[in-house]
Amino acid sequence: MYQESFFPTIKEQFKIKKFKMILGVLFLFLLKEFAVVIYLNGDVSFVADGYSEANTVRGAYYYAQEGFRKAAGLPDLCYSKLHDGSGFRGKNKGECKRNPDGSYIYTHYPPGSEYLATPLMKVFGPKMFLLRTQPILFNFSVAIIFFSFIFTILPVGHAFIASLVLLFPPMFHNYWHGLHHQGYAFSLLLLQIVTLSYFWSHKSKKIFFYLLLAFLGFFQGWMTFDYAFLATFFTLPVFFYFRTKLQLKWSDWFITTFFSGLGFSAAHLIHFYQVVLYYGTFDEAFNDLFHSAKYRFDNLGKTNHKITSARDLNPFSVAKDFLWRVAGRGKYTAVNLINYVWIVLGLYFVKKIEFRVKNYKFEFSISKNDCYSLLSAVLVASLWSLVMRQHAYIHGFIARHYYLVYLFCTLVLFKSSKRVDHRVQE
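Read on for an overview of the structure. Quick caveat, the model's predicted, so the values are computed rather than measured.

1. A word on the packing of helix H3 (residues 50–66) against helix H4 (residues 112–124)
Contact geometry for H3 and H4: axes closest at 8 Å, N-to-C directions at 60°. One element, H3, and the other, H4, form an angle in the oblique class. The hand of the H3/H4 crossing is right-handed. Every residue of H4 that contacts H3 at Asn 55, Thr 56, Val 57, Gly 59, Ala 60, Tyr 61, Tyr 63 and Ala 64 is listed here: Ser 113, Glu 114, Tyr 115, Ala 117, Thr 118, Met 121 and Lys 122. Split into classes, the residues belonging to the contact of H3 with H4 amount to eight nonpolar, five polar and two charged.

Right, here's the structure in full:
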C-alpha cells in the first residue's frame, strides 16, 4: 500500500503519467486562484468568506503592530481601518464598540487564522496578494499529497477517474486563497485522513504517529470550533474503509480518535485560558463562551430575518437541508449529494451493471464495512449541523463539512468497481 517512508511514496507517483495529468489540473487551479487574487485587487474575497477575512486581516495587523502580549494573545478585529466597510467594520459599525477604547478583542473563536497571517503581515504589511500566497501554496501542497494518497490506495486507472471526480466539486479549490479558517481546515482534514491511513499501514511507528495526529488535531482546533467533530471522528469512516484490508481492531480506532480529539481539545483549553487571562476571572470567561455556545445552539430562542421560527432550527431539518440542498450548490459539490449516497449504497444490492453498447460489464463488490464507512461519513459530517444548528443554519460554508461524504462515496465506488470485457460470443 505504502513504501516505508511517506515522501518516497509521493515521489513514486510522479513517474505515473495519469498522476502527472492530475497535477496538471491542480496547477490550473493554482493559476486560477492567483488570477482571482489579481482580480480582487487587494479587496476581500467574494467567495472565501470576505466578512471573516476582513476581521482576520485587521487581527493580524494588530499582532504585527502591537505584538502578542496585549489582550492575552487575543486579536482586535477592529484594529485600524483596513477593509473599512467589511466584517465587523461593515455597515453596522456599532459592532466595533465592544470596549470603551473602541477595540473589539475577539474571544469566541481561536485566533489561528490571525496567527498564520501575522508573519507575512509583519514583513510585508497588509499587502493582500502576498498574504494570500501562504494559504494558496499550503492548500496546493496538501492537494498534491492527497492525490498521491488516492493513487496509492486505488489502481492507477481507478485512481485517475476517482481523482477527476474528487476534483470536480468547486469546494475543493475555491477557498484556496481564503485568509480565514475554512480553506486551511478543509486541507487539514485531508491531511489527517492521509496521515491516518499511512500510519495504520505502518503500525511500528506508533509514538510519532499519535503525536502527529495530536498535532494535526491541535492545528485544527487552533483554527476553528466548527471542525470539532470532523477533526476528532474522521477516524470512523477511515476505520471502516480500511478495516478489512489492514485488519484493524476497534482499539486502533479508539486510540487514534483519542489522540486526534486530545489535540483538538488542547487547543481550545489554551484558548479558554487566554479568555480567562483577558477577562481576569474564570466565571466571566466561562459565561462569555457558554453564552456564545448557547447562541450557536438555538439562537437563544429568538427569531430574526434569517431564523423565522423555532422549526428552522430542528437539528434533523438543518442536517437534512445540507445533504439534500445546500451541499449541492454550485460553489460546493455542484451535485446532489444525497442522490450520490443512495446510488453508492444501492450498489451493495445491485452488484453488477452491464453496458451492452460497448460490451462492457461493471461489477461491484461493496461490503458491509464500505456501507458503514459511507454512513459514518454522513453522521460525522452532519454532527455540527445537528448540535450547533443555529451556526450551521446561517453559515452556508458548513456545507464544506460534507465533502467527507462526497469523498467516501467516491472511494467506496471506485474501490468496489471492476470493469470486465464482455464480448458477445457468436
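2. Notes on unusual backbone geometry
Trans peptide bonds make up most of the peptide bonds, and negative phi angles are found at most residues other than glycine. With a phi close to 55°, Ala 71 is a non-glycine residue in the positive phi region. Mapped onto the elements of the fold, Ala 71 is located in the loop between H3 and H4. At Ser 80, a residue that is not glycine, the phi angle is positive and equals roughly 70°. Locating Ser 80 in the fold gives a position in the loop between H3 and H4.

3. Points about the pattern of salt bridges
Pairing between side chains of opposite charge can happen when their charged atoms approach one another. This structure, assessed with the given rule, holds six salt bridges. Residues Lys 415 and Asp 370 are paired through a salt bridge, measuring 2.9 Å at the closest nitrogen-oxygen approach. Taken together, the residues span a long stretch of sequence, with Lys 415 in helix H17 (residues 403–416) and Asp 370 in helix H15 (residues 368–387) at a distance of 45 residues. Residue Lys 415 is classed as partly exposed on the basis of its relative accessible area of 38%. Take Asp 370: its relative accessible area is 2%, and that puts it in the buried class.

Cut-offs applied
- Residues numbered from 1 in each chain as written.
- Predicted model: local features only at pLDDT ≥ 70, side-chain atom pairs only at ≥ 80, totals over all residues.
- Heavy atoms only, no water.
- Axes fitted to C-alpha atoms, helices over the stretch in contact; angles between N-to-C directions.
- Helix = DSSP H or I, 4+ residues; strand = E, 2+ residues; numbered from the N terminus.
- Parallel < 35°, antiparallel > 145°, perpendicular 65-115°, else oblique.
- Left-handed = near helix turned anticlockwise from the far one by under 90°.
- Contact = heavy atoms within 4.5 Å.
- Nonpolar A, V, L, I, M, F, W, Y, C, P; charged D, E, K, R; others polar.
- Salt bridge = Lys/Arg side-chain N within 4 Å of Asp/Glu carboxyl O.
- Buried < 20%, exposed > 50% of the residue type's maximum accessible area, 1.4 Å probe, protein only.

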